[in-house]
Structures are given as structure tokens and as C-alpha cells.
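As a plain string of letters, each chain reads:
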Amino acid sequence: MTGGPGAVLVMGEALIDLVPSAQEPRTHLAQPGGAPANVAAGLAGLGTPSWYAGALGGDGFARTIEERLVSAGAELGLCARSPLPTALAVADPGPEGTGYHFHLQETATFRIQDRSSEVGRFGAVYVGGLAAVVEPAAEAVAATARAGAGESVLVVDPNVREDRTIDPETTAERLRELCALAHVVKASDEDLVHLWPDTDPDETCRILAGEGRLVVLTRGARGSTAYTRTGEPVSVPAVPVDVVNTIGAGDAFMAGVLSWLVGIGAHRSGASTLPRERAEAMLRFASQVAASVVARSGTEPSVLNQA
């Protein structure tokens, strides 16, 4: 089993999104999802070696997810297996974005194993998503993140999700702890409002960056901003496209950021002090990756190089 300074360990859930069909809204289409799984597949598709450290079940949905990850090029040598079924996320698209209703309990999706002993073999460790807050996965994710912060470069995408089965106070506490450990934080403005409701998202980003992190803030159609410890924030507009689908756009953006950082070695050489021109180039690349998902159905990015 290999890893290396250019490889990323991606930890979190792989589940099935049930998405209303554009042709028949009463019919839901099953497509592989889960933010971490999307990031793992996106990284591999962008040419960055990724090892998916989640958990897959024993049903047909799990086989679909596995085929998706393998075909993208993600490695599954650290992926746990369980005979339990796969978790489901029922998507509810609307004018303000996509909401979800989750079916998570007693599923294989959250039987994730602690991979603390493996993190030193990877250039970066990504954690986030539902697995960071849903037991029994949450403790394994936290332990791996703590090890990743000490032995590698820890990347956190809080990716806050609301559902009646998820306690909001526990969620916020766990995700704030992960952000405090991270070297790189990517979050949407909505994520930050949930986690630090009394502080403007821009100010939250400045505080996090001032403590020695690269912080990337996404605002959907309003573009993105990078905050570093040493310079003023850098913003770029979103790539204009005809929007077909917003599911997975943030994950594609995350994959673009991480692939770009790993590609030039900036994740290890000091992401928190990224020069202005490089921060702008990173955001532009990630925006193109996200736009390639927004412009069509599905969650696979189609920008396949960093040229």
C-alpha cells in the first residue's frame, strides 16, 4: 500500500442521493453522493492520487458507489466494509439551493474506522461532511483529524447539513473543533453562519486565517475568496454558466482547491502564506472545476488538468 506527499487521504461518507428527475419530478434518480466521496472522486479525476477512507455496505447502492470511485481512479484500500445498507439523502432542490432529508441510522455508511496510524503516509488529509458529526463515524473522524493535524496537512470542509436526526449544537461543536485543528478550511458563507452565528462570515475567515490557516470562502454565484495569514483577502467571480445542477458543486470546488495546492506543493510549503497571485490562480482553477459540474447533471468534474 502506498501514499506519498502528493496523495490525499479522504475520510467521510459515501451515500446515495435521491434526486428528482427533471423530466418527471415525482420520480427520484439514485446517484452516488456524499461530500467526501465526491471529493475523492473529483481529486482522482483531476489527476491527484486519492485514497477513500470511508465505509461501503453490502447492497446494490454500495456497488454503484464503488464502481463510481474505482472508475474515477480513487483507491479503496483503506475503505471499510459492512453488510449493512447504504445511507440515503433525499434531495429537495429549491431556488435557494438544495436541501436534504437523510436516512442514516443503522447503515454501513458510518462504520468508518480510525485511520490515525495511516495519516503520516499522505501529503494531506481531508475530513468533513456528515461523518464528522454522525456516530459511530464521528469519533473515528476526530481521531484521524487530530493525527492528521500533527503528521500531515489537515483540510476541513465543515459542509453543515441540517436534519431532524442531527443535533445542531453537537454538530456545531464538533465542526468548530475540526476547523480549529485544520491547516486549510474551505467553507460556504452558510456554513460559517451556522457555526459562528454572531460573527460575519468575512470576519470569521479573517480570524481563522490570522491563526495560521488558509481559509477559502465560497458564496455560490457570488464567487469565492481566499484568506491568508499574511495578505489581504483575494476574491474571484464565479464562472458564468447556465445552471443545470448545483449538487456537488461545492465538493468539486474543494477538489479543485486541494488538487491545485497539492499539484504545486503549496499544501506543505505554507498554504497560509500563499502569495496573492497564487491564491487567485487557485480560486480560478477551483471555480472552473465547480462550473463544470454546475453546467450539467451529475457530480463529476470535467476540468482534467491545471493548465
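Keep in mind that this is a model prediction, so the values were computed, not measured. (Residues numbered from 1 in each chain as written. Predicted model: local features only at pLDDT ≥ 70, side-chain atom pairs only at ≥ 80, totals over all residues. Heavy atoms only, no water.)

Colleague: Any details on the overall build of the protein? Residues and values, ideally.
Modeller: Looking only at helices and strands, the protein has nine helices and 14 strands in total. Since a compact globule built from 307 residues should have a radius of gyration of about 19 Å, the 17 Å found for the protein is in line with a globular shape. Seen along its three principal axes, the alpha-carbon backbone of the protein occupies a region of about 50 × 45 × 40 Å. Residues counted as buried form 55% of the 307 residues belonging to the protein. Summarising the internal contacts of the protein: among those between residues at least 6 apart in sequence, 71% fall at separations of at least 24. As displayed, the protein has an accessible area near 12,800 Å², and 50% of this comes from carbon and sulfur atoms. Of note, the protein has its 23 positive side-chain charges centred 5 Å away from the centre of its 36 negative side-chain charges. (Helix = DSSP H or I, 4+ residues; strand = E, 2+ residues; numbered from the N terminus. Rg over C-alpha atoms; globule rule 2.2 N^0.38 Å. Buried < 20%, exposed > 50% of the residue type's maximum accessible area, 1.4 Å probe, protein only. Contact = heavy atoms within 4.5 Å. Areas by Shrake-Rupley, 256 points an atom, 1.4 Å probe, with all protein chains shown as cover. Lys, Arg positive; Asp, Glu negative; His and termini not counted. Charge placed at Lys NZ, Arg CZ, Asp CG, Glu CD.)

Colleague: Outline the packing of aromatic side chains, supporting the account with residue identities and numerical values.
Modeller: The full count for this structure, using the stated rule, is one aromatic pair. Plain terms: the ring middles of tryptophan 51 and phenylalanine 122 are 6.0 Å apart, the flat faces sit at 70 degrees to each other, and that makes the pair edge-to-face. Here phenylalanine 122 lies in strand E9 (residues 122-128) and tryptophan 51 lies in strand E4 (residues 50-53), a separation of 71 residues in the sequence. Each member of the pair, tryptophan 51 as well as phenylalanine 122, carries the same accessibility label: buried. (Phe/Tyr/Trp six-rings, centres within 6.5 Å; stacked < 30°, edge-to-face > 60°.)

Colleague: Explain the sheet that holds strand E10 (residues 154-157) to me, and be specific about the residues and the numbers.
Modeller: What holds strands together in a sheet is hydrogen bonding between their backbones, with the strands either parallel or antiparallel. If you trace the eight strands from one edge of the open sheet to the other, you get E4-E1-E9-E10-E11-E12-E13-E14, paired in mixed fashion. Since the sheet does not close on itself, it has two edges, and those belong to E4 and strand E14 (234-236), each with one partner. With direction set aside, neighbouring strand axes in the sheet form an average angle of 15 degrees. Pairing of strand E11 (residues 184-188) with strand E12 (residues 214-218) involves five bridges; the strand directions are parallel. (Pairing = 2+ DSSP bridges. Axes fitted to C-alpha atoms, helices over the stretch in contact; angles between N-to-C directions.)

Colleague: Talk me through the pattern of salt bridges; I want residue IDs and the actual numbers.
Modeller: A side chain with one charge can pair with a side chain of the opposite charge if their charged atoms come near. Within the structure shown, the criterion is met by 11 salt bridges. Between glutamate 232 and arginine 206 there is a salt bridge; the shortest N-O distance is 3.8 Å. In this pair, glutamate 232 is assigned in the loop between strand E13 (224-227) and E14 and arginine 206 in helix H6 (residues 201-210), connecting sequence segments 26 residues apart. With a relative accessible area of 37%, arginine 206 lands in the partly exposed category. (Salt bridge = Lys/Arg side-chain N within 4 Å of Asp/Glu carboxyl O.)

Colleague: Just give me the short version of the side chain of arginine 115, but keep the residues and values in it.
Modeller: By the secondary structure assignment, arginine 115 is in the loop between strand E8 (97-103) and E9. As a buried residue without a salt bridge, arginine 115 has its nearest oppositely charged side chain in glutamate 118, at a separation of 4.9 Å. One polar contact links arginine 115 to glutamine 113, side chain to side chain, over a distance of 3.2 Å. Those residues in contact with arginine 115, other than ones at most four positions away along the chain, are Leu9, Met11, Ala53, Leu78, Cys79, Ala80 and Thr144. (Polar contact = N/O pair within 3.5 Å; in protein donor to acceptor, adjacent residues only side chain to side chain.)

Colleague: Please provide a residue-by-residue account of unusual backbone geometry, values included.
Modeller: Cis geometry marks the peptide bond from glutamate 135 to proline 136, where omega comes out at 5 degrees. Relative to the elements of secondary structure, proline 136 occurs in the loop between E9 and helix H3 (137-151). At glutamate 106, a position not held by glycine, the phi torsion is positive, near 55 degrees. Along the polypeptide, glutamate 106 turns up in the loop between E8 and E9.

Colleague: Give me the packing of H3 against helix H4 (residues 168-181): which residues, what numbers.
Modeller: Remark: H3 packs on H4, axes separated minimally by 10 Å, with the N-to-C direction vectors making an angle of 15 degrees. Here H3 lies roughly parallel to H4, going by the angle between them. Judged by the twist between their axes, the crossing of H3 over H4 is left-handed. Mapping the contact onto sequence places Ala138, Ala142, Ala145, Arg146 and Ala149 in H3 and Arg174, Leu178 and Leu181 in H4. (Parallel < 35°, antiparallel > 145°, perpendicular 65-115°, else oblique. Left-handed = near helix turned anticlockwise from the far one by under 90°.)

Colleague: Let's hear about the pairing of E12: which residues, and what values?
Modeller: Across a regular strand the side chains alternate sides, sitting on one face of the sheet and then on the other. Of all the five residues making up E12, five are buried; the element is thus mostly covered by neighbouring parts of the structure. Here E12 shows two buried faces, one formed by Leu214, Val216 and Thr218 and the other by Val215 and Leu217. In this structure, E12 lies alongside E13, joined through four bridges in antiparallel fashion. Across the sheet, residue leucine 217 finds its bridge partner in E13, namely threonine 225. Linkage of E12 to E13, two consecutive antiparallel strands, is achieved through a turn of five residues, within which glycine 220 is found at a positive phi near 60 degrees.

Colleague: Tell me what's going on with empty space enclosed by the protein, and back it up with residues and numbers.
Modeller: Going through the model one piece at a time under the given rule, you end up with one cavity of 30 Å³ or more. Size it by volume and the largest cavity reaches roughly 30 Å³. Lining of the largest cavity is provided by Gly129, Leu130, Val133, Pro158, Asn159, Val160, Arg161, Thr171 and Leu175. Residues of the lining of the largest cavity, tallied by class, amount to five nonpolar, three polar and one charged. (1 Å grid on protein atoms, 1.4 Å probe; cavity = no way out; pocket = protein on both sides within 12 Å on 5 of 7 lines; lining within 4 Å. Points joined across faces, edges and corners; volume = space filled by probe spheres on them. Nonpolar A, V, L, I, M, F, W, Y, C, P; charged D, E, K, R; others polar.)

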